[in-house]
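Single-letter residue listing:
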Amino acid sequence: MIEDPKIRALLNDISHRDKIKDYLLVIYGQFNQDILVSAIKLIEKKLVLEKFPANVITKTKIICTEMLQNITKHKQEDTGILPYFIVGTNDKTLNILSGNIITESSKTIIESKLNEYIKINKGDFRSYYVEAFKNSVLSNKGNAGLGLLEIVYRSNQNVKFKMQDVKDGYFSFDLDVVVNEKATGS
Amino acid sequence: MKNLIIESTIGTPKVEFDIKAGSLKITGICTPENPKQFFEPIMSTLNDFQGTGKPLTIEIFLEYFNSGSSKALLNLFLETAKTANETNIHWLSEDEELKDAGIILEEISGLKFKYIDI
């Protein structure tokens, strides 16, 4: 029984929208590097139990790492709106969902990148990825600006996102990633 | 010149740079918050090692990694490509997804990788 009305409403919404039947992992609240690694371990264990192919498990771990690191790096705690991260399955797909609050400047960058990645032809995406990866620069803070690109590449562009104005220049950023068809592997 | 040993932590791999043997092994999970900072001692030891002119074997066996670490690995490979020293790169992987990451790094770096399926 989930007592928090916010997370109950969120799960209800996701169940309805993505037809999620089984929730493998739900995190709502604080995010940091330790939670990230623990979450990935837990997801791996659950996917092994669910008999997902090894390459799908690896793909999922890489995507989850990027999504969780995005939340950890860009969280805006002073808004009082907490981020979430969910992994669930339905009959055919494995879905990874995240939501967090971002600033207006982040919104502009993320929106522009995702719209660009999603519209690239599937057949051209690998060479786009390689070129972008080659030309990226690792900053002193350790950012290469490749997180979203990695998510889109690993999910074969199965990415949807939504951004909404929440308050005072802050926006909610909901990212839905479909990893793969459960039965077919990569 | 000293060997470099970095023990693994919850989100970072074990690193073993054996100068005498000409061997660099990176093993485990690689999701540091700041990959540039994590790879700095490896790059520094590599720069010192390159002066010896000895061949180097790099063995990478990662369970998974973040995109920043992938870029840091590329920088490491590109650094080895700057010298005429012989470099052998062994990319160990448990599945096609991880092997693909190696193939992309091989493609960009222009170095020849040896793939070992585990």
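One can find the structure itself at the top, above this paragraph.
About the thresholds
- Residues numbered from 1 in each chain as written.
- Chains lettered and ligands numbered in written order.
- Predicted model: local features only at pLDDT ≥ 70, side-chain atom pairs only at ≥ 80, totals over all residues.
- Heavy atoms only, no water.
- Axes fitted to C-alpha atoms, helices over the stretch in contact; angles between N-to-C directions.
- Helix = DSSP H or I, 4+ residues; strand = E, 2+ residues; numbered from the N terminus.
- Parallel < 35°, antiparallel > 145°, perpendicular 65-115°, else oblique.
- Left-handed = near helix turned anticlockwise from the far one by under 90°.
- Contact = heavy atoms within 4.5 Å.
- Nonpolar A, V, L, I, M, F, W, Y, C, P; charged D, E, K, R; others polar.
- Pairing = 2+ DSSP bridges.
- Buried area = accessible area lost by both parts, 1.4 Å probe.
- Salt bridge = Lys/Arg side-chain N within 4 Å of Asp/Glu carboxyl O.
- Polar contact = N/O pair within 3.5 Å; in protein donor to acceptor, adjacent residues only side chain to side chain.
- Core = buried A, V, L, I, M, F, W, Y, C linked by side-chain atoms within 4.5 Å.
- Buried < 20%, exposed > 50% of the residue type's maximum accessible area, 1.4 Å probe, protein only.
- Phe/Tyr/Trp six-rings, centres within 6.5 Å; stacked < 30°, edge-to-face > 60°.

Student: What is the right way to look at the packing of helix 2 (residues 67-81) of chain B against helix 3 (residues 96-109) of chain B in this model?
Tutor: Residues and elements named next belong to chain B. Axis separation between helix 2 and helix 3 bottoms out at 10 Å; the angle between their running directions is 40 degrees. Relative to helix 3, the element helix 2 lies oblique. Relative to helix 3, the crossing made by helix 2 is right-handed. Only Leu 105, Ile 108 and Ser 109 of helix 3 make contact with helix 2, whose side of the interface consists of Ser 70, Leu 73, Leu 74, Phe 77 and Leu 78. Grouping the amino acids of the contact of helix 2 with helix 3 by side-chain chemistry returns six nonpolar, two polar and no charged.

Student: Looking at this structure, how should I read the sheet that holds strand 3 (residues 23-30) of chain B?
Tutor: Note: strands within a sheet are paired through backbone hydrogen bonds, in either parallel or antiparallel orientation. All names here are of chain B. Taken in spatial order, the six strands make up an open sheet running 1-2-3-4-5-6, and their pairing is mixed. Edge strands, defined here as strands with exactly one partner in the open sheet, are strand 1 (4-6) and strand 6 (113-117). The mean angle between the axes of side-by-side strands here comes to 15 degrees, regardless of whether they run parallel or antiparallel. Pairing of strand 2 (residues 14-18) with strand 3, which is carried by five bridges, proceeds in the antiparallel orientation. Counterpart to Lys 14 in the pairing with strand 3 is Thr 27.

Student: Looking at this structure, how should I read the environment of Pro 53 of chain A?
Tutor: Checked against the element boundaries, Pro 53 of chain A lands in the loop between helix 2 (33-49) and helix 3 (54-74). Along the backbone, Pro 53 of chain A and Gln 157 of chain A are 104 residues apart, and their C-alpha atoms lie at a distance of 20 Å.

Student: When you look at the interface of chain B and chain A in this model, what are you seeing that I'm missing?
Tutor: Frequently, the measure chosen for interface size is the accessible area that the parts lose on association. Counting from both sides, the interface comprises 30 residues of chain B and, opposite them, 36 residues of chain A. Buried surface at the junction of chain B and chain A, both sides included, amounts to about 2700 Å², of which 56% is carbon and sulfur. Of all residues in chain B, Tyr 64, Lys 71 and Glu 97 of chain B bury the most surface against chain A, accounting for 25% of the area lost on that side. The tally of links between chain B and chain A comes to five salt bridges. Note that Glu 63 of chain B is salt-bridged to Lys 61 of chain A, the shortest N-O span being 3.9 Å. Applying the counting rule to chain B against chain A returns 15 residue pairs in polar contact (both at pLDDT 80 or more). Mapped onto the side of chain B that touches chain A, the elements with two or more residues apiece are helix 1 (35-50), strand 4 (56-65), helix 2 and helix 3 of chain B.

Student: Just to check I follow, could you spell out unusual backbone geometry for this structure?
Tutor: Most peptide bonds are trans, and most residues other than glycine sit at a negative phi. Of note, the phi angle at Gln 157 of chain A is positive, near 65 degrees, even though the residue is not glycine. One non-glycine residue, Asp 168 of chain A, lies in the positive phi region at around 40 degrees.

Student: Looking at this structure, how should I read the nonpolar core?
Tutor: When a protein is soluble and globular, its nonpolar side chains tend to lie buried together. Within the largest apolar cluster, 82 residues are counted, with the highest numbers of intra-cluster contacts made by Phe 85 and Ile 96 of chain A together with Ile 26, Ile 42, Leu 73 and Phe 77 of chain B. With eight residues, the single largest contributor to this core is helix 3 of chain A. Setting aside residues up to four positions removed in sequence, Phe 77 of chain B forms contacts with Ile 58, Ile 60, Ile 89, Trp 91, Leu 105, Ser 109, Leu 111 and Phe 113 of chain B. Membership of the second largest hydrophobic core comes to eight residues, among which are Ile 20, Tyr 84, Ile 86 and Leu 97 of chain A.

Student: Just checking my understanding: could you explain the packing of aromatic side chains for this structure?
Tutor: Residues and elements named next belong to chain B. According to the stated counting rule, one finds twelve aromatic pairs over all chains in the structure shown. A centroid spacing of 5.7 Å and a plane angle of 50 degrees characterise the contact between Phe 17 and Phe 49, whose relative ring orientation is tilted. Of the two residues, Phe 17 sits in strand 2 while Phe 49 sits in helix 1, which places them 32 residues apart along the sequence. Classification of Phe 49 by relative accessible area gives buried; the value is 1%. Look at Phe 77 and Phe 113: their rings are 5.1 Å apart centre to centre, the planes differ by 70 degrees, and that puts the pair in the edge-to-face class. Note that Phe 77 is positioned in helix 2 and Phe 113 in strand 6, a separation of 36 residues in sequence. Accessibility classification places Phe 77 together with Phe 113 in one group, the buried group.

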